[in-house]
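What follows is the residue order along each chain.
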Amino acid sequence: MAMQNSSKTSITQQFDNYKPSKAILVWACAATAAATMIVGFNWGGWVTGGTSRTAAAAAADIARGELASAICVERFNAAPDAAAKLIEFKAITDGYKKRQFVEAGGWATMPGQTSPDSRSVQGCATALAI
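Figured I'd write up the structure that's included with this text. Nothing here was measured: the structure is a model prediction, and the numbers come from that model.

**Quick look at the state of the cysteines**
- This model, assessed by the stated rule, comprises 1 disulfide.
- The disulfide bridge from Cys-72 ends at Cys-124, spanning 2.1 Å between sulfur atoms. Disulfide Cys-72 to Cys-124: torsion about the S-S bond roughly -70 degrees, handedness left-handed. You can see Cys-72 sitting in helix α3 (residues 49–78) and its partner Cys-124 sitting in helix α6 (residues 118–129), a full 52 residues away along the chain.
- Given the relative accessible area of 0%, Cys-72 is considered buried.
- Classification of Cys-124 as buried rests on a relative accessible area of 0%.

**A closer look at the packing of helix α5 (residues 95–105) against α6**
- Two elements in contact, α5 and α6, have axes whose closest approach is 9 Å; the angle formed by their N-to-C orientations is 105 degrees. By the angle between their directions, the pair α5 and α6 is classed as roughly perpendicular. Contacts between α5 and α6 involve Lys-98, Arg-99, Val-102 and Glu-103 from the former and Val-121, Gln-122, Cys-124, Ala-125, Leu-128 and Ala-129 from the latter.
- Taken together, the residues that form the contact of α5 with α6 break down as 6 nonpolar, 1 polar and 3 charged.

**Considerations on the side chain of Lys-98**
- Residue placement: Lys-98 occurs in helix α5.
- No salt bridge is formed by the buried Lys-98, whose closest oppositely charged neighbour, Asp-94, lies at an N-O distance of 9.3 Å.
- In this structure, Lys-98 is in contact with Phe-89, Ile-92 and Ala-129, ignoring residues within four places of it in sequence.

**Considerations on the packing of α3 against α6**
- Axis separation between α3 and α6 bottoms out at 8 Å; the angle between their running directions is 50 degrees. If you check the angle between α3 and α6, you find them oblique. In this structure, the crossing between α3 and α6 has a hand that is right-handed. Side by side, α3 and α6 meet where Asp-61, Ile-62, Gly-65, Ala-68, Ser-69, Cys-72, Val-73 and Phe-76 of the first sit next to Arg-119, Ser-120, Gly-123, Cys-124, Ala-127 and Leu-128 of the second.
- Of the residues that constitute the contact of α3 with α6, the class distribution is 8 nonpolar, 4 polar and 2 charged.

**Re a nonpolar patch on the surface**
- On the surface, a cluster of nonpolar side chains totalling about 310 Å² of accessible area is made up of Met-37, Phe-41 and Trp-46.
- Secondary-structure assignment places Phe-41 in helix α2 (residues 22–42).

Conventions and cut-offs
- Residues numbered from 1 in each chain as written.
- Predicted model: local features only at pLDDT ≥ 70, side-chain atom pairs only at ≥ 80, totals over all residues.
- Heavy atoms only, no water.
- Disulfide = S-S within 2.5 Å.
- Helix = DSSP H or I, 4+ residues; strand = E, 2+ residues; numbered from the N terminus.
- Buried < 20%, exposed > 50% of the residue type's maximum accessible area, 1.4 Å probe, protein only.
- Axes fitted to C-alpha atoms, helices over the stretch in contact; angles between N-to-C directions.
- Parallel < 35°, antiparallel > 145°, perpendicular 65-115°, else oblique.
- Contact = heavy atoms within 4.5 Å.
- Nonpolar A, V, L, I, M, F, W, Y, C, P; charged D, E, K, R; others polar.
- Lys, Arg positive; Asp, Glu negative; His and termini not counted.
- Salt bridge = Lys/Arg side-chain N within 4 Å of Asp/Glu carboxyl O.
- Left-handed = near helix turned anticlockwise from the far one by under 90°.
- Patch = residues over 30% accessible without salt bridge, like charges linked within 9 Å, V, L, I, M, F, W, Y side chains within 5 Å.
- Areas by Shrake-Rupley, 256 points an atom, 1.4 Å probe, with all protein chains shown as cover.

Spelled out as structure tokens, the structure:
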């Protein structure tokens, strides 16, 4: 048992007496920074500014399309002949012709625009088909 205590003391003393050089400290800091970035970008969910701008633009386009689709459905339902138009719409089997029907009705054209957005037409046709 006395040997174990002396070896523990020796290792502890060596650790306490260790004085790393400046080069070792610099390399340790560089390795820590690199490891932090690797972990952050691979598993931490970090992204670059370009990636976040692209994701934000895509999310904005999707949100605009969903809002325009909701407005389109409200306009369709507010029309005086909505019940008859819904029956006519549901009788159409082709998806392309359904989108054309919505476009021709003008429900998907937002104020200030001359033509509807394809995403809003698709979303409106999908919502009305349910």
